[in-house]
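# Breakdown of the fold
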Amino acid sequence: MLPQITIFGQKYSSYNLAIMVGIIFAILAFYKWEKKIPATEKDTIISIVGVDLVVGFFSAFLGNKLLHFQTWEAFREHFFEFTGMTFLCGLIGSILFFVAVYYIVYRDWKKLYRTLNSITPYFILAQIWGRIGCFLGGCCFGKPTDGIFGVRYPENSYAFLKYGDAKLYPAPVLEIVWLLFMLFCMQFIKICRQEKVICYFCMYLPGRFMIEFFRGDNRGNILWGISPSQRICLGILLIMAILLYQRKRCGRHYI
Amino acid sequence: MSKKRGTSTAPIVLGIVGGVLDLPFAICSGVCAGALTNSEEVTSTYLGLGIVAGIIAIVFGCMAKKRPALAGGMLVVSTILSLVCFGFSYNFGGLIATVVTLIGAILCFTQKKEIVEES
């Protein structure tokens, strides 16, 4: 764990830096490596993504408040305070915004689906960097374990305050491994390569659902033994199932 | 006389979005930095840095097609200013603005250029 990095005598949060590096790397990789999309369309996509970043992070910030503060008074009291972000809320916000703006610009569902398929691997790259930031920052951590993969967090960390010197599951690392496995599938398995968006949702959400059981940080309001993030995973999976059923019924090649 | 012009609209959009985002977060960053150090001078320095970074990003973002090299260079300057400003106060929103501006700057340099003949 390395919560702060000193550059030219000034301390920076390693979480923020990792996210910055991830976003820049993913966008530039898309710009340079993606061959299926013409250059003019790439410009439009990157412009939309630039605004979408703001929408996504704002949704993640707002989602975290909605999930953690149940009453209006608490929500209002903590609104301007940074209490963390919820990735899944950011994902929903940014996808809805991207789909809406892209459709307004091109008015073509097929093209939109192809574009989403193209940007998915780059999105995963950015997400991996984000999780590296989580691990370095020590904001996300697992439950105590005696296993060989358990990690100890330093004294001033949130994990230490909650669990003391105990070894904890490295929850962000589990997610990184799962995301790398997804990237591997998208590269080498034909059906995953052709349907990257579907592959992303059908693999990431169940994986995230399972990883949530290992997480030891504040997960929000637990209901029927499952956390808000797990409920969101189930909700998105349900929507995906409906969309896939519709797609099969109509014989389309896109959602 | 021939001139090199940019062909991409992405640096324009990203420069403007980054610059516009810089402005409100500059206020936030100035207040946070001032509170951390308990000094009015620090508040005004960080506020000033953020606002200058925002204005540079907006103005030179608009010039990304006409003068791509100059715009790219100035967007890099804006990025450095905002990184100093927002990095100190751990301002996450400001860092998003920094990322957006930096991507705009990189695209300014890497975009395809066309040569335009001017009379």
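So, here is what we can say about the structure in this document. Throughout this description, residue numbers start from 1 for each chain and increase along the sequence as written. The naming scheme follows written order: chains are lettered A onward, ligands numbered 1 onward. Given that this is a predicted model, residues contribute local features only at a pLDDT of at least 70 and side-chain atom pairs are listed and counted only at 80 or more, while totals for whole chains, interfaces and linings are drawn from all residues. Each side-chain value is worked out from all heavy atoms of the structure, with water and hydrogens disregarded.

## A closer look at helix α9 (residues 196–212) of chain A
In DSSP terms, a helix is any run of H or I states spanning at least four residues, a strand is any run of E spanning at least two, and both are numbered starting from the N terminus. Expected helix span is taken as 1.5 Å per residue step, with the number of steps being one fewer than the number of residues. Here α9 of chain A is 17 residues long and its end C-alpha atoms lie 23 Å apart, about the 24 Å a rise of 1.5 Å per residue gives. Buried residues are those whose accessible area, probed at 1.4 Å on protein chains only, stays under 20% of the maximum for their type, while exposed residues exceed 50% and partly exposed ones sit between those limits. Here α9 of chain A lies mainly inside the structure; 14 of its 17 residues are buried.

## A short note on unusual backbone geometry
Generally, phi is negative for residues other than glycine and the peptide bonds are trans, each holding for most cases. Residues other than glycine seldom take positive phi values, yet Arg107 of chain A does so here, at roughly 50 degrees. The residue Arg107 of chain A is located in the loop between α4 (87–106) and α5 (109–137) in this model.

## Topic: the pairing of strand β1 (residues 4–7) of chain A
All names here are of chain A. Between any two strands, at least two bridges found by DSSP are needed for them to pair. Inspection of the sheet shows β1 paired to strand β2 (residues 10–13) by four bridges, in the antiparallel sense. Across the sheet, the residue bridging to Gln4 is Ser13, located in β2. Once β1 ends, the chain turns through two residues before running back antiparallel as β2, passing Phe8 with a positive phi of about 50 degrees.

## Looking at the packing of helix α2 (residues 39–68) of chain A against helix α1 (residues 10–37) of chain B
Axes here mean lines fitted to C-alpha atoms, for a helix over just the part in contact, with angles spanning 0 to 180 degrees between N-to-C directions. The contact between α2 of chain A and α1 of chain B brings their axes to 8 Å, and the two run at 15 degrees. With respect to α1 of chain B, the element α2 of chain A is oriented roughly parallel. The chirality of how α2 of chain A crosses α1 of chain B is right-handed. Contacts between α2 of chain A and α1 of chain B involve Asp43, Ile46, Ser47, Gly50, Val51 and Val54 of chain A from the first element and Ala10, Val13, Leu14, Val17 and Leu21 of chain B from the second. By the convention adopted, Pro, Cys, Tyr, Trp, Phe, Met, Ile, Leu, Val and Ala count as nonpolar, Lys, Arg, Asp and Glu as charged, and the other residues, Gly among them, as polar. Counted by class, the contact of α2 of chain A with α1 of chain B contains eight nonpolar, two polar and one charged residues. We call two directions roughly parallel when the angle between them is under 35 degrees, roughly antiparallel when it is over 145, roughly perpendicular when it lies between 65 and 115, and oblique otherwise. The crossing is said to be left-handed when, going from far helix to near helix, the turn is anticlockwise and less than a right angle, and right-handed when the turn is clockwise. Whether two residues are in contact is decided by their heavy atoms, any of which lying within 4.5 Å being enough.

No statement about biological role is implied by the geometric values presented.
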